[in-house]
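Each chain is listed here by its residues.
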Amino acid sequence: MNERERLETLINFNILEKLPESVLNPFVKTATILTQSQIGFLFLCEDERYLIKTKIGLNIYDMQNDFEFCFKIAHQNHYFEVSDAYKHPDFHNHRMVLGQPNFRFLGAYPLITNSGNNIGCLCVLDSKPKQLNFDQIESLKNLAEEIIVQLELRKQNKNLQSELNQLIHDKVNQTEIDLAYYKFALDQSAEVAITDRDGYIKFVNDKFCKTSKYEKAELLGQPYKILNSGYHSHLYFKELWQTIEKGKVWNGEIKNKDKNGRFYWVDCQIIPFPDKKGSPHQYVAIQQDITAKKSTLERLKLETALISILSENAAIEPTIKKLCEQISLFLRWDVGLYWQLDDKKERLKNPIIVPFTYKNIDSFMETCRKFEFKKGEGLIGYVWVNKKPKWIDKIDGNSVVIRENIIEDSGFKSHLSFPIIFNNEVNGVMEFFTSNINQSDENMIEMFETLGLQIGSYMERRVAEEELIKAKKEAEESVKSKDQFLTNMSHEIRTPMNAILGFTELLEKTKLNHEQEEFAGSVKMAAQNLLSIINDILDFSKIESGTMYFEEVSTDITTLINNIKDLLKFSAQNKNLDFYCEIDSKIPKNLICDPIRLNQILINLVGNAIKFTEVGKVVLSADLYKSDFNNCSIKFSVRDTGIGIPIEKQNQIFERFQQVDNEINRKYEGTGLGLSISKNLIELMGGKLEIESVPGQGSEFSFELSFKIGRSENSSEDENIEKIEFEKTKQKSILLVEDNLLNQKLAANVLQNQGFDVEVAENGKVGLEKLKQLEYDLVLMDIQMPELDGYQTTKIIRNELKMDIPIIAMTAHSIVGEKEKCLNAGMNDFISKPFDQKDLNKKINALIDHQKKTSNNGYASYKPSNSMINLTYLYELSNGNKSFEKEMISLFLHQVPKEFINLQQAYDEGKFQNLFEMAHKMKSSMEIFDRKDLAEHLNRIMTIASKNNKDVEIDQSLNAIELSLNEFYPVLNEILEKNY
Ligand code: ADP
């Protein structure tokens, strides 16, 4: 029997053994009945063991060993019979034949399983000898087989059962293994704690203990809040408990405090476990330590914030303050200090102190300000020498600290300082204090070390820049003082020149003999020459200081060139030169440009051409180059057949005071400034002055300029205005405020000649008196006067007398910015002395006319639906320039909504410095549009913002501004549509 079969048999045997008597009894009983035998039993065997399972009519206690013979029967494959034991050689001596039960007959059928294994036999015995008939044998066989069927069934059941058991067993086993692994995995990756419903700890895993630095025993039975860091608000935990008490999972980040007081962050998931009734009876917290991730993120955030502060590249002190604030905010520490290196580089002292929290540290700050540190002295000196950051968790007892008393009195516990290094030298030390004990953090220390270098290099750059700015400022100052000198010079020269020219003109109008007329003419020419030199010098100063501004006036180029021709034709005629002007007839009549400057350039070029040509001709031409509806380009050229310029000198002549040849120049006169000015003016207008010249043959100077095309095509507008205005202004009265007697007379004469009534006031004070008594149409105001100067007088007229009478400033200062200054003071226009009579007349008429115009139509007459609008100031500023007004209103509509968003954002983000700046910026826009109410709100915001406080008042003001602006925008749009 092989192993498998043996096992199987064993199973059978066991099964048979366990088969209850109640099941087998009927088979044995039926066998005895069918064979009419007194005894029946079932023999079951396995190897050498056997078992008498069910016996009918047999007491086997004393005959346990007498059934050996059955082995032989069991291992046969057919029916076995002993009809008379006495006669059978194997049985006649058998104890069971000679003794109890004294059988003579034995009939038996083997029990053979389906797989062919003999496992026993069904036996019947009788005390009488006999033979079974065929039917009886068949019945015995059937019964034996039926027993096998029962056995097989049992076996199958047994197999099924054991399979099932095995299955369950395997499953349970696997689950146990899986669970063990899950637990292992969870223990490896997460900290797990279980608390009861009141938050008392029932279980913690090893990892939890490791992170919290507590022993298991120290945690079990403790409330979970043993780990509370105090960082989160009461509300935060309230919300947590509300969630889990409802049976919901809570997810979030918590800052905990370990046994040693170190803070750590966990990403936590709390899962409520419900009891049978469904209400949570315990909570499982599964959490990951995210301190490293969190601090990396925070560090990155801090680094970004600090770098952005540094990249603003503001001045050093505000930058240092911002840096200190940002670091204090990040660390949640109380105060930041920046110790500065003194000039001799011997001491760190004079700290910039930036308190961050509202802790009262006045005496701390006061004491610190008195401290100075030499190298190696105290904490600051220590950092200076070591060039490394220093973090002290607990200050008390630290021997390096020499400010111990004041630090302790202020309640500070932890300290951090790091050096600001550039060029490997410490240039300052940043220091921070907190009243909490804060464990040092290697990563942070490393970061502050790097930061110290970054701040150092910013400072290095900044110091260099500041030096540059200083140098630039000094240079500007020197330009300014040169400017000032030129202004004064011009004033000194122009005032008498004004008189000379004016009086010569008046003299010419009197009756003179021929000789006198000639003398007067010479005086006038000399004065004009002198004036032109002064003008050149002044122009030059404007170009040098970058303050040359251009007017934008609709100009007819043809007229302009014809005027030049009229002006210079006599000079050409005097030298017997032909002088032609070739003007392209396609050039539009109304080009926007500064006619005075264009005129100046062309006169210089043509003047030179005539000056440096002895025979032949001079041609001034203007050709239309490109043109579309809005713009056009014109090429101007001045050609002559003069002496020409050697190629090597052609670049030099554009430099100031440069002339080709001093010899020649003594012959031709000139300053050597004209070309330089012309070249610069052309470049400022967007063109380039080119030269082509061959010595002995002639020269050509040319340039191309682009112009916008104006709307009106009326070329004779200027002349018309002049004529009409002359009529109109006949009865107008002008108050002339001027202290210089000569100038008084001259101006009065000029004005009277033009038909104005003139009243003279010798200074501002007298002028004001006269204005109070009589009505004038216009004031002509000198600027430099004793008592009250022109600016002051104008301010009083505008602000105190509240008069909007047109005022024209008269000044010898034709210098940069003067016009703006006059306009800012409230004057309407500006004319420089000595003035051109036509020019003055034009300006007077324009103003008187504008007054009339604005009082009849235009915005003043426009009554908007809303009373919030008053654009008088804007109109005053515009001085009648509609396109300027339109631009200003459009700009407001375009700009202010954006500015408001920025304002709100700065407030939301708590950037008070930005908030302050934005409010300040917006305020001036509001003032131009006379929204004093909004300017007031912005003022309030600025005041509160400067205290770095979030405040409901700011909220209220922001709301009010938003509401008002939303009403204001449509009104402005309406004005734009109706007026422009
Ligand atoms: P100025 O004429 O007062 O000397 P400019 O700056 O106008 O000063 O000219 C500089 C120099 O360039 C002149 O002195 C002269 O030598 C040379 N120059 C200018 N225009 C001509 C010209 N058309 N032909 C020859 N030389 C010229």
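Residues numbered from 1 in each chain as written. Predicted model: local features only at pLDDT ≥ 70, side-chain atom pairs only at ≥ 80, totals over all residues. Heavy atoms only, no water.

### Structural notes on the overall build of the chain
A tally of regular secondary structure across the chain gives 30 helices and 28 strands. Here the chain, with 980 residues, has 44% of them falling under the buried criterion. Counting only contacts in the chain whose residues sit at least 6 apart along the sequence, the fraction spanning at least 24 positions is 63%. (Helix = DSSP H or I, 4+ residues; strand = E, 2+ residues; numbered from the N terminus. Buried < 20%, exposed > 50% of the residue type's maximum accessible area, 1.4 Å probe, protein only. Contact = heavy atoms within 4.5 Å.)

### Comments concerning helix α29 (residues 932-945)
Look at α29: 19 Å from first C-alpha to last across 14 residues, which is about the 20 Å you get at 1.5 Å a residue. Within the sequence span of α29, burial applies to Leu934, Ala935, His937, Leu938, Ile941, Met942, Ile944 and Ala945. As for α29, its buried residues are in contact with α27 (882-908), α28 (912-928) and α30 (952-979). (Expected span 1.5 Å × (residues − 1).)

### Structural notes on helix α9 (residues 291-312)
Across its 22 residues, α9 extends 31 Å between first and last C-alpha, which sits within 8% of the 32 Å expected from 1.5 Å per residue. Buried within α9 we find Thr291, Lys294, Ser295, Arg299, Leu302, Ala305, Leu306, Ile309 and Leu310. Considered in projection along α9, the buried side chains sweep an arc of 135° and stay on one side of the axis. Away from the buried face of α9 by more than 90 degrees, exposed residues Lys293, Leu297, Lys301, Thr304 and Ser311 are located. Looking one or two residues past α9, Asn313 carries a phi angle of roughly 55°, positive in sign. (Arc of directions from axis to C-beta.)

### Focus: the packing of α29 against α30
Running from amino to carboxyl end, α29 crosses α30 at an angle of 155°, the nearest separation of the two axes being 9 Å. Considered as vectors, α29 and α30 are oriented roughly antiparallel to each other. Crossing of α29 against α30: the hand is left-handed. Contacts between α29 and α30 pair Asp933, Leu934, His937, Leu938, Arg940, Ile941, Ile944 and Ala945 from the former with Glu953, Ile954, Ser957, Leu958, Ala960, Ile961, Ser964 and Leu965 from the latter. (Axes fitted to C-alpha atoms, helices over the stretch in contact; angles between N-to-C directions. Parallel < 35°, antiparallel > 145°, perpendicular 65-115°, else oblique. Left-handed = near helix turned anticlockwise from the far one by under 90°.)

### A word on unusual backbone geometry
A cis amide bond, omega 0°, links Gln100 with the succeeding residue Pro101. Its location among the elements puts Pro101 in the loop between α4 (95-98) and β4 (105-112). Positive phi, close to 60°, is recorded for Asn576, a residue that is not glycine. Structurally, the position occupied by Asn576 is in the loop between α16 (557-574) and β18 (578-583). Under the relative-accessibility criterion, Asn576 is labelled exposed at 70%.

### Section: the packing of helix α22 (residues 764-773) against helix α23 (residues 790-799)
Viewed as axis vectors pointing N to C, α22 and α23 meet at an angle of 25°, and their least axial separation amounts to 9 Å. With respect to each other, α22 and α23 are oriented roughly parallel. In the crossing of α22 with α23, the sense of the turn from one axis to the other is right-handed. Of the residues in α23, those in contact with Gly764, Leu768 and Leu771 of α22 are Thr793, Ile796 and Ile797. Grouping the constituent residues of the contact of α22 with α23 by class yields four nonpolar, two polar and no charged. (Nonpolar A, V, L, I, M, F, W, Y, C, P; charged D, E, K, R; others polar.)

### Some thoughts on the state of the cysteines
Here the structure, examined in full by the defined rule, presents zero disulfides. Left without a disulfide partner, Cys45 is nearest to the cysteine sulfur of Cys121, which lies 7.3 Å away. You can call Cys45 buried: its relative accessible area is 3%. (Disulfide = S-S within 2.5 Å.)

### Things to note about the packing of aromatic side chains
Taken as a whole, this structure holds 29 aromatic pairs when the rule is applied. Between Trp241 and Tyr283, the aromatic rings sit 5.5 Å apart at their centres with planes inclined by 90°, giving edge-to-face as the arrangement. Remark: Tyr283 occurs in strand β10 (residues 280-289) and Trp241 occurs in helix α8 (residues 234-245); sequence separation between them is 42 residues. Through pairs of rings, three or more aromatic residues link up here, namely Phe41, Phe43, Tyr50, Phe67, Phe69, Phe71, Phe91 and Phe103. Positioned over the ring face of Phe105 is Lys130, at 5.2 Å from the centre of the ring. Note that Lys255 overlies the ring of Phe263, its terminal NZ or CZ placed 4.7 Å from the centroid. (Phe/Tyr/Trp six-rings, centres within 6.5 Å; stacked < 30°, edge-to-face > 60°. Lys NZ or Arg CZ within 6 Å of the ring centre and 35° of its normal.)

### Description of a nonpolar patch on the surface
Together, Leu164, Leu167, Ile168 and Val172 make up a nonpolar patch on the protein surface, roughly 370 Å² of accessible area in all. Mapping Leu167 onto the fold places it in helix α5 (residues 134-189). (Patch = residues over 30% accessible without salt bridge, like charges linked within 9 Å, V, L, I, M, F, W, Y side chains within 5 Å. Areas by Shrake-Rupley, 256 points an atom, 1.4 Å probe, with all protein chains shown as cover. Salt bridge = Lys/Arg side-chain N within 4 Å of Asp/Glu carboxyl O.)

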